[in-house]
Amino acid sequence: IGFYVNLRWNDEYLWESTFQNAVLPARTTVDAQVTFRLISLKSSVKVGAANIGGKEYFSAPGTGAVGSQYYISLTLNP
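What you are looking at is a predicted structure, and each value in this text was computed from that prediction instead of being measured.

**Q** Explain the overall build of the chain here, please?
**A** Summing up its helical and strand segments, the chain has zero helices and six strands in all. Taking 12 Å as the expected radius of gyration for a compact globule of 78 residues, we find that the chain reaches 18 Å, considerably beyond that expectation. For the C-alpha atoms alone, the extent of the chain along its principal axes is close to 55 × 20 × 15 Å. Taking all 78 residues of the chain together, the buried fraction comes to 19%. Summing over all exposed atoms, the chain offers an accessible surface of approximately 6,000 Å²; the carbon and sulfur share of this is 59%.

**Q** Is there a simple way to think about the side chain of Thr35 in this case?
**A** Considering the arrangement of structural elements, one finds Thr35 in strand β4 (residues 27-38). We classify Thr35 as buried; its relative accessible area is 17%. At a separation of 3.4 Å, a polar atom in the side chain of Thr35 contacts the side chain of Gln33. Residues in contact with Thr35, not counting those within four places in the same chain, are Ile1, Gly2, Ser44, Val45 and Lys46.

**Q** In this structure, what is going on with the pattern of salt bridges? I would like to understand it.
**A** Working definition: two side chains of opposite charge can pair if their charged atoms are close together. Under the counting rule described, the total for this entry stands at one salt bridge. Residue Arg8 pairs with Asp31 through a salt bridge whose shortest N-O separation is 3.1 Å. You can see Arg8 sitting in strand β1 (residues 2-10) and its partner Asp31 sitting in strand β4, a full 23 residues away along the chain. Overall, the relative accessible area of 11% leaves Asp31 in the buried class.

Reading the values: the criteria
- Residues numbered from 1 in each chain as written.
- Predicted model: local features only at pLDDT ≥ 70, side-chain atom pairs only at ≥ 80, totals over all residues.
- Heavy atoms only, no water.
- Helix = DSSP H or I, 4+ residues; strand = E, 2+ residues; numbered from the N terminus.
- Rg over C-alpha atoms; globule rule 2.2 N^0.38 Å.
- Buried < 20%, exposed > 50% of the residue type's maximum accessible area, 1.4 Å probe, protein only.
- Areas by Shrake-Rupley, 256 points an atom, 1.4 Å probe, with all protein chains shown as cover.
- Polar contact = N/O pair within 3.5 Å; in protein donor to acceptor, adjacent residues only side chain to side chain.
- Contact = heavy atoms within 4.5 Å.
- Salt bridge = Lys/Arg side-chain N within 4 Å of Asp/Glu carboxyl O.

Honestly, it's all geometry; don't read function into it.
Structure, rendered in structure tokens:
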């Protein structure tokens, strides 16, 4: 079994462009993943999520909101 945890933090910042100027608020997001190795099957299963807290945020003015992403992966090694 393996695991991965990532904490990302951005302070409040001023976004300036020809399209729009705006102050984007500070944000913190947490990503995590757990890997299970299935030795007898020569494979692994990964279960993870990005932005576990689920609070949507904007990376720039005029863009869509970024939310959470959840995934399951199966890797086979013949």
